[in-house]
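# Inside the fold
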Amino acid sequence: MSDIIAADQLRLLIERIERLEEEKKGIADDIKDVYGEAKSTGYDTKTMRQIVRLRRMEKHHRDEAEALLETYKVALGLV
């Protein structure tokens, strides 16, 4: 009996994952469409992706990454 219950639970978990994967694909397609719209309007999508990535970071991590980037730029004579 517990084998049947375990199999049912496993099937339900797999089905949930499959539904979530489909939703994730739909959201990824929507994001791609928004970037396409931004590009057609004249925005640089590479820069937009960097901004999105930076906004996702906590402030102290963002500050640390920016300071490290500045240090590397100075070391390579890019500033």
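Residues numbered from 1 in each chain as written. Predicted model: local features only at pLDDT ≥ 70, side-chain atom pairs only at ≥ 80, totals over all residues. Heavy atoms only, no water.

An unreviewed UniProt entry lists the chain under the name UPF0335 protein H3Z74_22780, with Sphingomonas alpina as the source organism. The Sequence similarities (unreviewed entry) field of the UniProt record for the chain holds the comment "Belongs to the UPF0335 family." (UniProt positions renumbered as here; feature names shortened; annotations may be inferred.)

Bringing the overall build of the chain into the picture now. From N to C terminus, the chain includes three helices and zero strands. Taken along its principal axes, the extent of the C-alpha atoms in the chain is 70 × 35 × 20 Å. Taking all 79 residues of the chain together, 4% fall into the buried category. Element-wise, carbon and sulfur atoms account for 59% of the exposed surface of the chain, whose accessible area totals about 7400 Å². Looking at charge distribution, the chain has the averaged site of its 15 positive side-chain charges lying 5 Å from that of its 17 negative ones. (Helix = DSSP H or I, 4+ residues; strand = E, 2+ residues; numbered from the N terminus. Buried < 20%, exposed > 50% of the residue type's maximum accessible area, 1.4 Å probe, protein only. Areas by Shrake-Rupley, 256 points an atom, 1.4 Å probe, with all protein chains shown as cover. Lys, Arg positive; Asp, Glu negative; His and termini not counted. Charge placed at Lys NZ, Arg CZ, Asp CG, Glu CD.)

As recorded in UniProt, the feature "coiled-coil region" (unreviewed entry) lies at residues 10-37. Segment residues 10-37 splits into 100% helix and 0% strand. End C-alpha atoms: 41 Å apart.

Within the structure shown, the criterion is met by zero aromatic pairs. Directly above the aromatic system of Tyr 35 lies the positively charged group of Arg 49, at a separation of 3.8 Å from the ring centroid. (Phe/Tyr/Trp six-rings, centres within 6.5 Å; stacked < 30°, edge-to-face > 60°. Lys NZ or Arg CZ within 6 Å of the ring centre and 35° of its normal.)

Now for the side chain of Thr 45. By the secondary structure assignment, Thr 45 is in helix 2 (residues 45-56). When sequence neighbours within four positions are dropped, the list of residues in contact with Thr 45 reads Tyr 35 and Lys 39. (Contact = heavy atoms within 4.5 Å.)

On to the packing of helix 1 (residues 2-41) against helix 2. The axes of two packed helices give the description: the angle between them and the distance between them. Axis separation between helix 1 and helix 2 bottoms out at 10 Å; the angle between their running directions is 130°. Taken together, the axis directions place helix 1 and helix 2 in an arrangement best described as oblique. Here helix 1 contributes Tyr 35, Ala 38 and Lys 39 to the contact with helix 2, which in turn contributes Thr 45, Met 48, Arg 49 and Val 52. Split into classes, the residues belonging to the contact of helix 1 with helix 2 amount to four nonpolar, one polar and two charged. (Axes fitted to C-alpha atoms, helices over the stretch in contact; angles between N-to-C directions. Parallel < 35°, antiparallel > 145°, perpendicular 65-115°, else oblique. Nonpolar A, V, L, I, M, F, W, Y, C, P; charged D, E, K, R; others polar.)

A few words on a nonpolar patch on the surface. A cluster of nonpolar side chains, namely Val 74, Leu 76, Leu 78 and Val 79, defines an oily patch on the protein surface of about 460 Å² accessible area. Among the structural elements, Leu 78 can be located in the segment after helix 3 (59-75). (Patch = residues over 30% accessible without salt bridge, like charges linked within 9 Å, V, L, I, M, F, W, Y side chains within 5 Å. Salt bridge = Lys/Arg side-chain N within 4 Å of Asp/Glu carboxyl O.)

With that settled, consider the pattern of salt bridges. Throughout the structure, instances matching the rule amount to six salt bridges. Two residues, Lys 24 and Glu 21, come together in a salt bridge whose shortest N-O distance is 3.4 Å. On the criterion of helical spacing, the pair formed by Lys 24 and Glu 21 is a turn pair, its members being three residues apart in helix 1. If you follow the salt bridges from partner to partner, you end up with Asp 8, Arg 11 and Glu 15 in one network.

Take the domain arrangement of the chain next. Split by domain assignment, the chain resolves into domain 1 (1-43) and domain 2 (46-78). The centre of domain 1, based on its C-alpha atoms, is set 30 Å off from the matching centre of domain 2. (Domains from an automatic or database assignment.)

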